[in-house]
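# Structural overview
Listed here are the chains, written in short residue letters.
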Amino acid sequence: MKPDTEQSLISIKTTRQDHRIAWLTALAITIHIAESVFPSPLPGVKPGLANVITIAVLMLYGWSTAVWVSLLRVLVGSILIGTFLTPTFTLSLAGAVSSILVLGLATLLPGRGLGPVGYSLLAAQAHMAGQFLTAYWLFIPHEGLFGLLPLLMTMAVVFGLVSGLIVMAMLPRLDGKTS
Amino acid sequence: MTRADIFVIGFTLALLPFLYSTYWNREGPAETAHIMDQSGREFTVPLSTNQQLSIEGPLGVSLVEIKDGQIRFLDSPCRGKQCVHAGWLKQSGEFAACLPNRVSITVSGKDALYDSINF
């Protein structure tokens, strides 16, 4: 008798949305890992270009897709880099969660709301603030840490602005080409 | 860019100077001096009144001068006179000591300049 291999496979029904999340997350993870290779001038300072994807997803497909892409990126990125469940991961997750929450609030704005630059700036600052407070609360509960805050926030603003401008340049090219 | 974008950018640019002025400008003028003598007793002197103090140590008497919200070692019976060369202490957290004569002075204000110092 011929073994029926077809039957031993479990098939999961995937939706178009699942595929979209998977593809976009893969893109974000690639950027995340590529970025982690570069040395950082100051601990905690990273361009955070993977947020470009999060913001683009937010603009194109809405908040819930952005939540998936952002959280999956942190999870899978950390597993691939090898920082899963380390402080780095905790901080990364704290940043992602706070920026996602702030973005969620920002989408509730009436009228035309925010554009990519505004979203990106808010996300970058929320990311940094969430990360900073988590670091202060869990790892370095010393007042001296606050001396770093102005510098870190400046970097967050610079990179948030850059990411936002990248998204702004990216969106018109994506329109209509994505499913 | 929408109006909300402009608002967010404006808010951000206003936030940064606030952060720098709050967290990078912590040392203030000194208001009181804490003098410790050979017995380890610490006594606190306000810097608002001009006066000279004599502090007894194992080598002799160290002279300390308070003037215009500042304090310094005027003289000490030690060899190196590092305490005298330390000059006026006026910023909160500054510190001078005459180790041979076992006298130390530190000044404090609202905020300290240093958290701690090790030698």
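A quick note: this is a predicted structure, and the numbers were derived from the prediction, not measured.

What counts, and at which threshold
- Residues numbered from 1 in each chain as written.
- Chains lettered and ligands numbered in written order.
- Predicted model: local features only at pLDDT ≥ 70, side-chain atom pairs only at ≥ 80, totals over all residues.
- Helix = DSSP H or I, 4+ residues; strand = E, 2+ residues; numbered from the N terminus.
- Buried ≥ 20, exposed ≤ 12 C-beta atoms within 10 Å, placed from the backbone.
- Contact = placed C-beta atoms within 7 Å.
- Pairing = 2+ DSSP bridges.
- Axes fitted to C-alpha atoms, helices over the stretch in contact; angles between N-to-C directions.
- Core = buried A, V, L, I, M, F, W, Y, C linked by C-beta atoms within 7 Å.
- Nonpolar A, V, L, I, M, F, W, Y, C, P; charged D, E, K, R; others polar.
- Expected span 1.5 Å × (residues − 1).

## Thoughts on the overall build of chain A
On a plain count of helices and strands, chain A comes out with seven helices and zero strands. Listing each helix as α and each strand as β along chain A from the N terminus yields α-α-α-α-α-α-α. Here chain A holds 179 residues, and 35% of them are scored as buried. Excluding contacts between residues fewer than 6 apart, the proportion of contacts in chain A whose partners are at least 24 apart in sequence is 76%.

## Points about the overall build of chain B
From N to C terminus, chain B includes two helices and seven strands. For chain B, the proportion of its 119 residues judged to be buried stands at 21%. In chain B, the proportion of contacts linking residues at least 24 apart, taken out of those at least 6 apart, comes to 38%.

## Observations concerning the pairing of strand β1 (residues 32-36) of chain B
All names here are of chain B. Sheet topology places β1 next to strand β2 (residues 42-46); five bridges connect them, and they run antiparallel. Bridge assignment links methionine 36 to a residue of β2, and that residue is glutamate 42. If you look at the hairpin formed by β1 and β2, you'll find five residues sitting between the two strands, and glycine 40 has a positive phi there, around 85°. The sheet contact formed by β1 and strand β7 (residues 103-108) spans five bridges and is antiparallel. Note that in β7 the partner of threonine 32 across the bridge is serine 108.

## Concerning the sheet that holds β1(B)
Two strands in a sheet stick together by hydrogen bonds in their backbones, pointing the same way (parallel) or opposite ways (antiparallel). Residue and element names in this part refer to chain B. Spatially, the four strands line up as an open sheet ordered β2-β1-β7-β6, and their pairing is antiparallel. Bordering the open sheet on either side are β2 and β6 (95-98), each of which pairs with just one other strand. Along the sheet, successive strands turn relative to each other by an average axial angle of 20°, direction set aside.

## Some details on the pairing of strand β3 (residues 51-56) of chain B
Residue and element names in this part refer to chain B. Both β3 and strand β4 (residues 61-67) contribute to a ladder of six bridges, which runs antiparallel. Its bridge partner being in β4, glutamine 52 is matched across the sheet by glutamate 65. Counting the residues between successive antiparallel strands, the hairpin from β3 to β4 contains four residues, one of them, glycine 60, with a positive phi of roughly 150°.

## Some points on the nonpolar core
Within the largest apolar cluster, 39 residues are counted, with the highest numbers of intra-cluster contacts made by A:Ile53 and A:Val69. The element contributing the most residues to this core is helix α6 (residues 116-139) of chain A, with ten residues. If near-sequence neighbours (up to four positions away) are discounted, A:Val69 is found in contact with A:Ile21, A:Leu24, A:Thr25, A:Ala28, A:Ile53, A:Thr54 and A:Val57. B:Val64, B:Cys83, B:Cys98 and B:Val107 belong to the second-largest nonpolar core, a separate cluster that totals 16 residues.

## Notes on the interface of chain B and chain A
On the side of chain A, 18 residues touch chain B, which itself brings 13 residues to the contact. The residue inventory of the side of chain B that touches chain A, partitioned by class, reads nine nonpolar, two polar and two charged.

## With respect to helix α3 (residues 50-61) of chain A
Residues and elements named next belong to chain A. Across its twelve residues, α3 extends 17 Å between first and last C-alpha, which sits within 8% of the 16 Å expected from 1.5 Å per residue. The buried fraction of α3 amounts to nine of the twelve residues, a majority that puts the element mostly inside the structure. Among the residues of α3, those classed as buried are Ala50, Asn51, Val52, Ile53, Thr54, Ile55, Ala56, Val57 and Leu58. Residues of α3 that are buried make contact with α2 (16-37), α4 (63-81), α5 (87-107), α6 and α7 (149-174). Positive backbone phi, at 100°, marks glycine 62, one or two positions downstream of α3.

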